[in-house]
Amino acid sequence: MSAQDAKSKLYRFAGRVVGKCLYESAHGTTYRQQLPARLAKSFLAQLVGLRVHYKHFADDAPELYSSKVRKKCDTPDSLTK
């Protein structure tokens, strides 16, 4: 198993845990499972069916936003292409 496969399986497992907690919080009648985590705005937007906008990354991943997204948006040539 490669490192990429192991990482993919780890993300898949984490997604299942988050999904189970969210599902049981919404539909649990016998007990509620709390999810003490701060979820990214882009992830929450997808959960409720909104389109993910590049401005979500300003809060979710400030390093990515400042190094890639903002520079791309501030370049006038990127808007015309």
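Note: the structure precedes this text.
Residues numbered from 1 in each chain as written. Predicted model: local features only at pLDDT ≥ 70, side-chain atom pairs only at ≥ 80, totals over all residues. Heavy atoms only, no water.

### Let's talk about the overall build of the chain
Short version of the rule: Runs of E in the DSSP output that reach at least two residues are strands. Runs of H or I that reach at least four are helices, and both are numbered from the N terminus. The Shrake-Rupley method, run with a 1.4 Å probe, gives the accessible areas here. Residue values count only the displayed protein chains as cover.
When you go through the chain residue by residue, the secondary structure sums to five helices and zero strands. Seen in sequence order, the chain has helices and strands lined up from the N terminus as α-α-α-α-α. A total of about 7100 Å² of accessible surface is found on the chain, and carbon and sulfur atoms cover 57% of it.

### Some words on a nonpolar patch on the surface
Under the convention used in this document: Within this analysis, patches are made of residues with over 30% relative accessible area and no salt bridge. Like charges are joined at 9 Å or less; nonpolar side chains (Val, Leu, Ile, Met, Phe, Trp, Tyr) at 5 Å or less. The rule for a salt bridge is simple: a side-chain nitrogen of Lys or Arg has to be within 4 Å of a carboxyl oxygen of Asp or Glu. Burial classes: relative accessible area under 20% of the type maximum marks a residue as buried, over 50% as exposed, and values in between as partly exposed (1.4 Å probe, protein chains only).
Together, Leu-22, Phe-43, Leu-44, Leu-47, Val-48 and Leu-50 line one region of the surface with nonpolar side chains, adding up to about 530 Å² of accessible area. Along the chain, Leu-22 falls in helix H1 (residues 3–27). Its relative accessible area of 31% is what places Leu-22 among the partly exposed residues.

### So, the side chain of Ser-42
Put simply, the rule is: When checking whether two residues touch, look at their non-hydrogen atoms; a contact exists if any pair is within 4.5 Å.
Mapped onto the secondary structure, Ser-42 falls in helix H2 (residues 41–47). Assessed through its relative accessible area of 14%, Ser-42 is described here as buried. With near-sequence residues (within four places) excluded, Ser-42 lies in contact with Val-52, His-56, Phe-57 and Asp-60.

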